[in-house]
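Residue-level listing of the chains:
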Amino acid sequence: MPRFRLVLEELPAYRPGKAVVGSDGRSFKLSSNESPYDPLPSVVEAVAVAAREMHRYPDPACVGLTEALAGRYGVPVEHVALGAGSVTVAQQLLETVGEPGAEVIYAWRSFEAYPLLADLAGVTSVRVPLVDEAHDLEAMAAAVTSRTRLIFVCSPNNPTGTVSRADELTAFLDRVPEDVLVVLDEAYHEYVRDADVPDGVRVYADRPNVAVLRTFSKAYGLAGLRVGYLIGHEPVAAAVRKTMVPFAVNALAQAAAVASLAAEDQLLERVEAVVKERARVRDGLLGQGWAVPPTEANFVWLRLGERTMAFAERCAADGVAVRPFAGEGARVSIGSPEANDVLLAAAEAFGAG
């Protein structure tokens, strides 16, 4: 029998959002924070063209996409690093700091891949509880020790949708030692409308120990192709590139991402429509008596406690898949108006309690 790392015996599997089918045959997947829109025709065409060369390896350095991103954000190409989705870039980051005794700090509950990736990288997780569903940045700064190598700040936070605002983030960054890397995980940045929430790309500019994670999975609608990226100063980006598996970002994904950047205006119109639906859904839930924290992402969070799984089952009966966290609450993606209407009806039938 082969011998494997002991950590694998206790490592929980990542649980992706699932689709369900209601009693009437309808199915609305609001469990994975995906875009409710089909790909743009120009993006589909770019993928079709790239597919004619699928017998060739992709560009391992992702030169075209790297240059497009650098141009989009006005940063040097040396400050951009790619990966197969931002979660993989997060894994690459942890591999750059992972060594015995190293610690990584993150809020909890936050992105559920953090503890999984930390365990695989051999680093010790330090979880700082949320306060009012948001990051407690003061407590996170106080948790820094000589063993701390990296801190994730997820804003908007997954799964609560809450954000870290400019003044508190600045105060936090001023307290973090220069040799500790702070990663602003901004997978949902395009949905932010709160003017007090800083753009991480501006924040990182004069802070060498700050890097930003973004993705093409959400607002850009490329979840099925897996493209994520980091923007950070050259030493950080270079270290991340060293940990990238060769050819990790496939040719179709690279072509789709470049085409998406070229069609960004059209895509952001779709984002605006989701933001309007987000307000409608939250207002509807509040009107039913639910406590729903303000959200700047493409989902809402319901703190349900012991009622969580029952709520998920009630939604599933109507064909609506939500993302339950047993004993805590449910995250519900903003979908099409029809899907959102069914969700609101299911929530009303269940009752805010």
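Residues numbered from 1 in each chain as written. Predicted model: local features only at pLDDT ≥ 70, side-chain atom pairs only at ≥ 80, totals over all residues. Heavy atoms only, no water.

Looking up the protein chain in an unreviewed UniProt entry gives the name Aromatic amino acid aminotransferase, with the organism given as Sphaerisporangium aureirubrum. What UniProt records for the protein chain under Catalytic activity (unreviewed entry) is the sentence "an aromatic L-alpha-amino acid + 2-oxoglutarate = an aromatic oxo-acid + L-glutamate". Note on the protein chain: under the UniProt heading Sequence similarities (unreviewed entry), the record states "Belongs to the class-II pyridoxal-phosphate-dependent aminotransferase family." (UniProt positions renumbered as here; feature names shortened; annotations may be inferred.)

Draft legend 1. Representation of the overall build of the protein chain in the model. Looking only at helices and strands, one finds 13 helices and 12 strands in the protein chain. For the protein chain, the C-alpha radius of gyration of 20 Å lies close to 20 Å, the compact-globule estimate for 353 residues. Overall size of the protein chain, expressed as C-alpha extent along the three principal axes, is 55 × 55 × 50 Å. By residue count, 52% of the 353 residues in the protein chain fall in the buried class. For the protein chain, long-range pairs separated by at least 24 residues make up 72% of all intrachain contacts whose partners lie at least 6 apart in sequence. Carbon and sulfur atoms provide 54% of the accessible area of the protein chain, an area that totals close to 15,900 Å². (Helix = DSSP H or I, 4+ residues; strand = E, 2+ residues; numbered from the N terminus. Rg over C-alpha atoms; globule rule 2.2 N^0.38 Å. Buried < 20%, exposed > 50% of the residue type's maximum accessible area, 1.4 Å probe, protein only. Contact = heavy atoms within 4.5 Å. Areas by Shrake-Rupley, 256 points an atom, 1.4 Å probe, with all protein chains shown as cover.)

Draft legend 2. Fine view of the sheet that holds strand β5 (residues 148-154). Strand order in the open sheet made by the seven strands is β2-β8-β7-β6-β5-β3-β4, with mixed pairing throughout. Each of the sheet's edge strands pairs with one partner strand only, and the pair in question is β2 (80-83) and β4 (124-129). Across the sheet, the mean angle separating the axes of adjacent strands is 25 degrees when strand polarity is ignored. Pairing of strand β7 (residues 210-215) with strand β8 (residues 228-232) involves five bridges; the strand directions are antiparallel. Residue pairing for β8: Arg214 is matched across the bridge by Tyr229. Across the face of the sheet, helix α3 (residues 63-73) comes into contact with β2, β7 and β8 while running at roughly 130 degrees to β2. (Pairing = 2+ DSSP bridges. Axes fitted to C-alpha atoms, helices over the stretch in contact; angles between N-to-C directions.)

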